[in-house]
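What follows is the residue order along each chain.
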Amino acid sequence: MKNVLYGKCVKCGKTYEATPDLTTCECGGILDITYDYDYIKTQLTKEKLAARQERTMWRYRELLPIEETTEPTPLRVGWSPLYEEPRLAEKLGLKRLWVKDDGQNPTASLKDRASAMAVAKAREAGAKVIACSSTGNAASSLAGNAAAAGLKTYIFVPSRAPKGKVAQLMTFGATVISVQGSYEDTFELSKQAIDKWGWYNRNAAINPYLSEGKKTVSLEIMEQLNWEVPDYIAISVGDGCTIAGLWKGLKDLYAIGFIDKLPRLISAQAEGCCPLNRAIATGEDWYPMEENTLADSIAVGVPRNADKALMAIRESNGLVVNVSDEEIMAAQKLLGMTCGVFGEPAGVTGTAGVKKLCEQGVIGKNDTVVSVVTGNGLKDVANAIKACGEPISIPSNMDLLLKAFDEKGIDVEA
Ligand SMILES: *Cc1c(COP(=O)(O)O)cnc(C)c1O
Ligand SMILES: [Zn+2]
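These figures come from a predicted structure and were not determined experimentally.

## Describing the layout of surface pockets
Consideration 1: One number sums up the size of the largest pocket: a volume of about 290 Å³.
Consideration 2: Looking at the largest pocket, it is lined by 17 residues, and the ones nearest its centre are Gly28, Ile30, Ile206, Pro303 and Arg304.
Consideration 3: Breaking the lining of the largest pocket down by element, the ones donating at least two residues are α7 (183-197) and α12 (306-315).
Consideration 4: Of the residues forming the lining of the largest pocket, the biggest block, three residues, is contributed by α7.
Consideration 5: Of the residues in the lining of the largest pocket, the class split is eight nonpolar, four polar and five charged.
Consideration 6: Around the second largest pocket sit Val10, Asp32, Ser211, Glu212, Ala244, Trp247, Lys248, Lys251, Lys308, Met311, Ala312 and Glu315, which together line it.
Consideration 7: The set of elements that each furnish at least two residues to the lining of the second largest pocket consists of α8 (210-214), α10 (241-255) and α12.
Consideration 8: Tallied by class, residues from the lining of the second largest pocket come to five nonpolar, one polar and six charged.

Here you go:
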């Protein structure tokens, strides 16, 4: 990898050769893949990128930590749509608003970006088996991307994982261990099993390549915006790998001169589980919190990538916002009704945060915002029905239809 210098510990600064099975520093710190931007500048230009046919995350390969000979993974990951949403912008009182629908990835969440990277690196390492623990989406994305590449997976999920995600896992042929406990308990068991059997490790934060996969979301956002930098990018935060990856992509683009400034990040967490936002708000260290929210993908009481996430939020002079489950459900409905975008609860938490910050007057009419929807609503239909209600249910009878419209106050002529 001519474009990569080394992996560097974010805690102690120690550097490591970027081997495909790289994990954490001996001090326990998380590694950050460090690039040779001078070299990358000689390899990649905006024009070259614009001419490229490949509409997947691998179109940015000069900025990714893979060997030149490494093949793109089989599923189409990335290049999700970025919609401008003028009606929602007007409702919220924003100058301009875009929604990046990452629920349109092959297994329906942003996690596909990290899992495709894990599969590419596992292949480089010659591994045949990959394992991870996950609140659900890292799991289903790993299972899907690995299945497509002919690799075997062992997956640990907490027993609360929504059925849609478990159905994906079973369909993709993973060996699934549903752990009767919290995400923290799940992570611990997976760690012991991975140590015991030596599987390729796709655990969040442990494997430093994963957030390099996730950073492709901001590479895409900026290319789709024709390199015009918005004021804010909002995203939901659990372990913190996603927001750290998002920030990394932006800093990469800045380092190679593709953008001339950096946006501020908006870190959205659930009120019932917001250890990282609490640390930013109080200026204290983070400490564990209960996992008390319906947004299962971000119900992370012990964030695995706190260091990188907190650094990203602070470096970007970012904002933190915590939203209640009710606010999350309202955002789910609002995105559905005004944008036709169906997000899972954690998927829409960033948008719920934007709405709240608009209502509080923290951001507003002069601001441009990109809100990333990180996962698809079909993964968790029970909560979508809870948020948006049940349909009119009647026999096939016109009189009963009229009566139902009447009762509901639906005026068809209006
Ligand atoms: C994993 C996930 C997040 C948060 O990503 P972290 O890296 O855990 O912070 C947000 N939304 C969805 C849908 C996810 O699956
Ligand atoms: Zn270290």
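## Let's talk about the site of ligand 1
Consideration 1: Taken together, 16 residues lie near ligand 1, and Lys111, Asn137, Gly240, Thr242 and Thr374 sit nearest.
Consideration 2: The backbone of Gly238 places a nitrogen or oxygen atom 2.8 Å from an oxygen atom of ligand 1.
Consideration 3: Interatomic distance of 2.8 Å between a backbone N/O atom of Asp239 and an oxygen atom of ligand 1.
Consideration 4: When isolated, ligand 1 has an accessible area of 380 Å², and the protein chains bury 98% of it.
Consideration 5: Here ligand 1 is seated within the largest cavity.
Consideration 6: When the residues that make up the shell around ligand 1 are grouped by side-chain class, the tally is four nonpolar, eight polar and four charged.

## Overview of empty space enclosed by the protein
Consideration 1: The tally for this structure, following the rule as stated, stands at three cavities of 30 Å³ or more.
Consideration 2: Space inside the largest cavity adds up to approximately 290 Å³.
Consideration 3: Lining the largest cavity are 24 residues, with Lys111, Lys214, Asp239, Thr242 and Ser297 positioned closest to its centre.
Consideration 4: When contributions to the lining of the largest cavity are tallied by element, the ones reaching two or more residues are α5 (137-149) and α10.
Consideration 5: Split by residue class, the lining of the largest cavity holds nine nonpolar, 11 polar and four charged.

## Section: the environment of Arg314
Consideration 1: Structurally, the position occupied by Arg314 is in helix α12.
Consideration 2: A residue is classified by how much of its surface remains accessible, and Arg314, at 45% relative accessible area, is partly exposed.
Consideration 3: When the C-alpha atoms of Arg314 and Ile280 are compared, they prove to be 7.8 Å apart, with 34 residues separating the residues in sequence.
Consideration 4: Beyond its immediate sequence surroundings of up to four residues, Arg314 is in contact with Ala279, Ile280 and Glu284.

## What about the side chain of Arg202?
Consideration 1: Within the secondary structure layout, Arg202 lies in the loop between β9 (200-201) and α8.
Consideration 2: One buried charged residue, Arg202, remains without a salt bridge, the closest side chain of opposite sign being Asp112 at 7.8 Å.
Consideration 3: Within the local environment of Arg202, its side chain forms a polar contact with the side chain of Ser115, the two groups lying 2.9 Å apart.
Consideration 4: When neighbours within four sequence positions are excluded, Arg202 is seen to be in contact with Lys111, Ala114, Ser115, Ala118, Ile130, Ala131, Cys132, Ala138, Ser141, Leu142 and Leu210.

## Comments concerning unusual backbone geometry
Consideration 1: Backbone geometry places Ala108, a non-glycine residue, at a positive phi of 75°.
Consideration 2: Note on placement: Ala108 falls in the loop between β5 (96-101) and α4 (111-124).
Consideration 3: Classification of Ala108 as buried rests on a relative accessible area of 14%.
Consideration 4: You will see that Trp227, though not glycine, has its phi angle at about 65°, which is positive.
Consideration 5: Among the structural elements, Trp227 can be located in the loop between α9 (216-224) and β10 (232-236).

## A closer look at the coordination of the zinc ion (ligand 2)
Consideration 1: At this site the zinc ion (ligand 2) is bound by Cys9 (SG), Cys12 (SG), Cys25 (SG) and Cys27 (SG), with donor distances of 2.3 to 2.4 Å.
Consideration 2: For the zinc ion (ligand 2), the single-chain donor residues occur in sequence as C-x2-C-x12-C-x1-C.

Each value, and the rule that gives it
- Residues numbered from 1 in each chain as written.
- Chains lettered and ligands numbered in written order.
- Predicted model: local features only at pLDDT ≥ 70, side-chain atom pairs only at ≥ 80, totals over all residues.
- Heavy atoms only, no water.
- 1 Å grid on protein atoms, 1.4 Å probe; cavity = no way out; pocket = protein on both sides within 12 Å on 5 of 7 lines; lining within 4 Å.
- Points joined across faces, edges and corners; volume = space filled by probe spheres on them.
- Helix = DSSP H or I, 4+ residues; strand = E, 2+ residues; numbered from the N terminus.
- Nonpolar A, V, L, I, M, F, W, Y, C, P; charged D, E, K, R; others polar.
- Near = heavy atom within 4 Å.
- Polar contact = N/O pair within 3.5 Å; in protein donor to acceptor, adjacent residues only side chain to side chain.
- Areas by Shrake-Rupley, 256 points an atom, 1.4 Å probe, with all protein chains shown as cover.
- Sits in = over half its atoms within 2 Å of the grid points.
- Buried < 20%, exposed > 50% of the residue type's maximum accessible area, 1.4 Å probe, protein only.
- Contact = heavy atoms within 4.5 Å.
- Lys, Arg positive; Asp, Glu negative; His and termini not counted.
- Salt bridge = Lys/Arg side-chain N within 4 Å of Asp/Glu carboxyl O.
- Donors = N, O, S within 2.8 Å, 3.2 Å for Na, K, Ca; no water.

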